[in-house]
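Breakdown of the fold
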Amino acid sequence: KKRLKLTRIDRGIIGAAIVLAPVFWVLAYLYWQPSFNPAWPLSDAKRFLFLVLIIPVIEELCFRGVIQPYLMRKTTKRYLFHHVSLANLATSALFAALHLVKHPLAWSAATFIPSLIFGWLRERTGRTWPAVAMHVYYNFGFFYLLSGF
């Protein structure tokens, strides 16, 4: 399978996604205001690894590895803006909606933009693993700062 070469704009978007993630984490922290325990990953390592590694891998393999490519084939790769496809938009809406099963509305809605980023990475690189890596990074910061909230 041929992979696309990332452009300067693509690299800028990836850089922005990495740099802006901590802003999102701080806003989430201020919104939910949990008590912060910087050592919690050590006291509950299984849970931390589950939230930061296992869940992102499973979610990305399902959403970006199966659902989004399926929708890409069915929607003839219609792009809305800078390589954000209709398939990515639909997959991200489903991703956010399924978070409602276990999380409040604000939490579920907050997953939509990161999901678009994960989907964009999947489409721009032609691979699922960059989306997995970004998801792991997002979950690490989010759950560390919010003490496993």
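What you are looking at is a predicted structure, and each value in this text was computed from that prediction instead of being measured.

With that settled, the discussion passes to the pattern of salt bridges. A side chain with one charge can pair with a side chain of the opposite charge if their charged atoms come near. One pass over the structure, following the stated rule, counts two salt bridges. The residue Asp10 makes a salt bridge to Arg124 at a minimum N-O spacing of 2.6 Å. Of this pair, Asp10 sits in helix α1 (residues 8-32) while Arg124 is found in helix α6 (residues 112-125), placing the two residues 114 residues apart along the sequence. Residue Asp10 shares its accessibility class with Arg124, and that shared class is buried.

It is worth spelling out helix α4 (residues 86-98) at this point. Taking 1.5 Å per residue, 13 residues should reach 18 Å; α4 reaches 18 Å between its end C-alpha atoms and fits that length. Considered for burial, the residues of α4 that qualify are Ala87, Asn88, Thr91, Ser92, Phe95 and Ala96. Down the axis of α4, the buried side of the element spans an arc of 160 degrees, and every buried residue falls inside it. On the buried face of α4, the contacting elements are α3 (45-74), β2 (84-85), α5 (105-110), α6 and α7 (129-145). For α4, the N-terminal cap is Ser85; the gap from its side-chain oxygen to the backbone nitrogen of Ala87 is 3.3 Å.

Calculation rules
- Residues numbered from 1 in each chain as written.
- Predicted model: local features only at pLDDT ≥ 70, side-chain atom pairs only at ≥ 80, totals over all residues.
- Heavy atoms only, no water.
- Salt bridge = Lys/Arg side-chain N within 4 Å of Asp/Glu carboxyl O.
- Helix = DSSP H or I, 4+ residues; strand = E, 2+ residues; numbered from the N terminus.
- Buried < 20%, exposed > 50% of the residue type's maximum accessible area, 1.4 Å probe, protein only.
- Expected span 1.5 Å × (residues − 1).
- Arc of directions from axis to C-beta.
- Contact = heavy atoms within 4.5 Å.
- Polar contact = N/O pair within 3.5 Å; in protein donor to acceptor, adjacent residues only side chain to side chain.

Any functional reading would require information beyond the geometric quantities listed.
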